[in-house]
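Understanding the architecture of this molecule
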Amino acid sequence: MSGGAAGGSPRLAGRRVLLGVTGGIAAYKTPTLVRRLREEGAEVEVILTRGAAEFVTPLALETVAGRPVRQALLGPGREPALEHLRLARWAELVLVAPATAHFLAKAAAGLADDLLDTVLLAAFPAAPLLVAPAMNSRMWSHPITRRNVALLRELGVRFVGPETGRLAEEESGVGRMSEPERIVEEVVRLLAG
Ligand SMILES: Cc1cc2nc3c(=O)[nH]c(=O)nc-3n(C[C@H](O)[C@H](O)[C@H](O)COP(=O)(O)O)c2cc1C
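Here's what I pulled together on the structure shown here. Note that this is a predicted model, so its numbers are computed, not measured.

Looking only at helices and strands, the chain has 8 helices and 7 strands in total. Taken over the C-alpha trace, the chain has a radius of gyration of 16 Å; the compact-globule value for 193 residues is 16 Å, and the two agree within 12%. Structurally, the chain occupies a C-alpha span of about 45 × 40 × 30 Å along its principal axes. Burial analysis of the chain (193 residues in total) assigns 40% to the buried set. Taking all contacts inside the chain whose residues are at least 6 apart in sequence as the whole, residues at least 24 apart take part in 76%.

V46, V94 and A97 are the most contacted members of the largest nonpolar core, which has 51 residues in total. When residues of this core are assigned to their parent elements, the largest contribution, 6 residues, is made by strand β3 (residues 93-99). Each residue touching A97, except ones within four places of it in the same chain, is listed here: L19, V21, T30, L33, A132, M177 and I183.

All buried positions along helix α3 (residues 83-90) are accounted for by E83, H84 and L87. Each buried residue of α3 lies within a common arc of 95° when the element is viewed along its axis, so the set occupies one face. On its buried face, α3 is in contact with β1 (16-21), β2 (43-48) and α5 (115-123).

It is worth spelling out unusual backbone geometry at this point. Of note, the amide linkage connecting F124 to P125 takes the cis form, showing an omega dihedral of 15°. Omega for the bond connecting G161 with P162 falls within 30 degrees of zero, at 5°, which places this linkage in the cis form. Among the structural elements, P162 can be located in the loop between β5 (158-159) and β6 (163-166).

With that settled, the discussion passes to the pairing of β2. For β2, a buried count of 5 out of 6 residues is recorded, marking the element as mostly surrounded by other parts of the structure. For the crossover from β1 across helix α1 (residues 30-39) to β2, the handedness is right-handed.

As a further point, take the environment of L73. With respect to the secondary-structure elements, L73 resides in the loop between α2 (58-65) and α3. For L73, a count of 18 C-beta atoms within 10 Å corresponds to the partly exposed category. Residues L73 and L129, 56 residues apart in the sequence, show an inter-C-alpha distance of 20 Å.

Viewed as axis vectors pointing N to C, α1 and helix α8 (residues 180-192) meet at an angle of 40°, and their least axial separation amounts to 9 Å. If you check the angle between α1 and α8, you find them oblique. Here the hand of the crossing between α1 and α8 comes out right-handed. Taken together, the residues of α8 that come into contact with α1 (itself represented by T32, L33, R36 and L37) are P180, E181, I183, V184 and V187.

Let's shift gears to the site of the ligand. If you check the shell around the ligand, you find 15 residues, and the closest are G23, G24, T49, G51 and T100. Here the element with the most residues in the shell around the ligand is helix α4 (residues 101-109); it accounts for 3 residues.

As a further point, take the packing of α1 against α2. Look at α1 against α2: their axes get within 9 Å of each other, and the N-to-C directions meet at 10°. In terms of axis orientation, α1 runs roughly parallel to α2. On α2, the residues that touch T30, P31, V34 and R35 of α1 are A60, L61, V64 and A65. Here the contact of α1 with α2 is composed, by residue class, of 6 nonpolar, 1 polar and 1 charged.

How each quantity is defined
Residues numbered from 1 in each chain as written. Predicted model: local features only at pLDDT ≥ 70, side-chain atom pairs only at ≥ 80, totals over all residues. Helix = DSSP H or I, 4+ residues; strand = E, 2+ residues; numbered from the N terminus. Rg over C-alpha atoms; globule rule 2.2 N^0.38 Å. Buried ≥ 20, exposed ≤ 12 C-beta atoms within 10 Å, placed from the backbone. Contact = placed C-beta atoms within 7 Å. Core = buried A, V, L, I, M, F, W, Y, C linked by C-beta atoms within 7 Å. Arc of directions from axis to C-beta. Right-handed = clockwise from strand over helix to strand, strands pointing away. Axes fitted to C-alpha atoms, helices over the stretch in contact; angles between N-to-C directions. Parallel < 35°, antiparallel > 145°, perpendicular 65-115°, else oblique. Left-handed = near helix turned anticlockwise from the far one by under 90°. Near = placed C-beta within 6 Å. Nonpolar A, V, L, I, M, F, W, Y, C, P; charged D, E, K, R; others polar.

Structure below.
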C-alpha cells in the first residue's frame, strides 16, 4: 500500500468521509474499511441502516471510527436530532459500502425514509457520492437495478465494483463488494480530483 498504512504520508489527512453502511452480508468488511480510511488520515462518520445493524455491530464500527455511529433520524428521547443537516454539511465525500439493491432503488427514486437517505439528499451533489454495490448477481443484473444504476451514474454518482468472484451463497458471479483497499484508492482519487 502506498499510503499512511505503509508508513508513507497519509493521503486523506483531515478529509471528512461519511460512510453509509447498508444491509448486505459484505457489511462485515466495513470495520476494516473504516480502519484503512483512518490509516490514511481521514475522519470517518458512520451511518448504519436498520438492515446493516443486522450484519455488523455499532460497537465494532464505533471502536474503529473513534466516534459514535449514527442510526436514526430521531435522537434517543425522540427529539429531532437534526444530524442529517450537520452531517450533510460536514461530509466532503459520501461513501456507501456495501450498497444494497434496496439502497440503490431508494437513492434513484429520491426517497428519504431513513437517516442515510435523508443525509444523501442534503449532501449530494455538493459532496460527491461513491457507491460500492454488493449483492447476488441476479439482483445486480435485474432490469430495475440496471435502470437505477444507469440513472444514478447519469446524475454523477460514482461506482466502485462490484467485482466478479465468490458470492455469499456459494455461487460465483458479479456482485461481490470491492475490497476495502480498492475502495480507499477510489476515495483518494475522488478527493484528489
Ligand atoms: C442474509 C441476508 C443477506 C443479504 N445480503 C444482501 C446483499 O448482499 N445485497 C443486497 O442488496 N441485499 C441483501 N439482503 C437483503 C437486504 O438486507 C434487504 O433488502 C434490506 O431491506 C436492505 O435494507 P437497507 O438497504 O436499508 O439496509 C440480504 C438479506 C439477508 C437476510
